[in-house]
Amino acid sequence: MMVCEKIRLVKPTLELKNEALEYRQEHFDFGEQVINGSELFDKITSYEEWFEKVIANASTETVDPNWVLTDTFFAVRVSDNKIVGIVDLRYQLNDFLKDFGNCGYSVRPSERRKGYATEILKQACFVARKHGLKQLQLSVEKDNSASIKTIEKNGGNYCRSFIFENEEAYVYLINL
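Only a predicted model underlies this, so the values are computations on that prediction, with no experimental measurement involved. (Residues numbered from 1 in each chain as written. Predicted model: local features only at pLDDT ≥ 70, side-chain atom pairs only at ≥ 80, totals over all residues. Heavy atoms only, no water.)

1. Quick word on the nonpolar core
The tendency in soluble globular proteins is for nonpolar side chains to be buried side by side. Selection criterion: Residue types Ala, Val, Leu, Ile, Met, Phe, Trp, Tyr and Cys, when buried and joined through side-chain atoms within 4.5 Å, form a set referred to as a nonpolar core. Classification of residues uses two cut-offs on accessible area relative to the type maximum, computed with a 1.4 Å probe and protein chains only: under 20% is buried, over 50% is exposed, and between them is partly exposed. Elements are defined by DSSP. Helices are runs of H or I of four residues or more, strands are runs of E of two residues or more, and each kind is numbered from the N terminus. Whether two residues are in contact is decided by their heavy atoms, any of which lying within 4.5 Å being enough.
The biggest cluster of nonpolar side chains holds 28 residues, and the ones touching the most others in it are V87, C103, Y105, L121, L136, L138 and I151. The set of elements that each furnish at least two residues to this core consists of strand 1 (7-10), strand 2 (70-77), strand 3 (83-90), strand 4 (103-107), helix 3 (116-130), strand 5 (135-141), helix 4 (145-153) and strand 7 (167-175). When near neighbours in sequence (up to four residues on either side) are disregarded, L138 contacts F100, C103, Y105, L121, I151, Y170, V171, Y172 and I174. Counting residues in each nonpolar core, the second largest holds 16 residues, with Y23, I44, F51 and F74 among its members.

Structure (structure tokens):
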């Protein structure tokens, strides 16, 4: 494993459109149709439409009534400003999210196994703590050993399992 270069979490902007779309396309080129933690970035028809939803869902006044207050961040490598990952941080859980949890994240396929996921989750925990959360709940497919290691490296403890779309997943809690 290579050592993770320094990253910073940045909120999406219109200026990041091209880099963001390249990030998204790399997931698709790798055969991944779901980008975890992307606030449905994998389902968009236009970057601008997605960006507007991300901005709206980050404010209590404008959050979609079917959604929860959420901050979405790109993980940007400081040395070259390349988007290496994405994370969303949900400040509440609704009925739909009660199993899925407060946080999801992904790392671009070409940048995996370098420690970025661990650092993204570490920084997301810091943001959550600043917003008054006492713990983060995360879910992970039982076969995703890399993500399980990431969660455990950040202090995650196994809580329970659940079934989603005929697949077993685990719920972890990270005390902040």
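Continuing now.
2. Quick notes on a negative patch on the surface
For clarity, the cut-off: The patches reported here contain residues having more than 30% relative accessible area and no salt bridge. Joining distances are 9 Å for like charges and 5 Å for nonpolar side chains (Val, Leu, Ile, Met, Phe, Trp, Tyr). In these tables, accessible area is a Shrake-Rupley quantity obtained with a 1.4 Å probe, and a residue counts as shielded only by the protein chains included in the view. Each salt bridge in this description consists of a side-chain nitrogen of Lys or Arg and a carboxyl oxygen of Asp or Glu lying within 4 Å of one another. Working convention for charge: Lys and Arg count positive, Asp and Glu count negative, and His plus the chain ends are omitted. Every charge is mapped onto a representative atom, which is NZ of Lys, CZ of Arg, CG of Asp or CD of Glu.
Judged by side-chain charge, E141, D143, E165 and E167 come together as a negatively charged surface patch. Within the secondary structure, E141 is located in strand 5.

3. Notes on the environment of E15
Within the secondary structure, E15 sits in the loop between strand 1 and helix 1 (17-29). Each C-alpha atom, one on E15 and one on T70, is 21 Å from the other, the two residues being 55 residues apart in sequence.

4. Observations regarding the pairing of strand 7
Using the following cut-off: Pairing between strands is defined by DSSP: at least two bridges between the two strands are required.
Bridge count between strand 5 and strand 7: seven bridges; the pairing is antiparallel. Bridge pairing in strand 7 places Q135 opposite N175. In this sheet, strand 7 lies alongside strand 6 (residues 157-164) in antiparallel orientation, the contact comprising seven bridges. Within strand 7, the residue paired with I163 across the bridge is E168.

5. Description of the environment of G156
Tracing the backbone shows G156 in the loop between helix 4 and strand 6. Dropping the residues within four chain positions of it, G156 is found in contact with I151, Y172, L173 and I174.

6. Details of helix 3
Selection criterion: Helix span, as expected, comes to 1.5 Å for every residue beyond the first.
Here helix 3 spans 21 Å end to end across 15 residues, near enough to the 21 Å set by a 1.5 Å rise per residue. Buried within helix 3 are the following residues: Y116, A117, I120, L121, Q123, A124, C125, V127 and A128. Positive backbone phi, at 90°, marks G132, one or two positions downstream of helix 3.

7. Remarks on the sheet that holds strand 5
Put simply, the rule reads: What counts as an axis is a line fitted to C-alpha atoms, over the stretch in contact for a helix, and the angles between N-to-C directions run from 0 to 180 degrees.
Read across the open sheet, the three strands follow the order 5-7-6; overall the sheet is antiparallel. The sheet is open, and its two borders are formed by strand 5 and strand 6, each paired with just one other strand. Each adjacent strand pair in this sheet contributes to an overall mean axis angle of 25°, direction not counted. Packing against the sheet, helix 3 makes contact with strand 5 and strand 7, and its axis sits at approximately 145° to strand 5.

8. Regarding unusual backbone geometry
The residue R113 is not glycine, and still its phi comes out positive at about 65°. For R113, the position within the fold is in the loop between strand 4 and helix 3. Residue R113 is classed as exposed on the basis of its relative accessible area of 69%. Phi is positive for N166, close to 65°, though the residue is something other than glycine. Secondary-structure assignment places N166 in the loop between strand 6 and strand 7.

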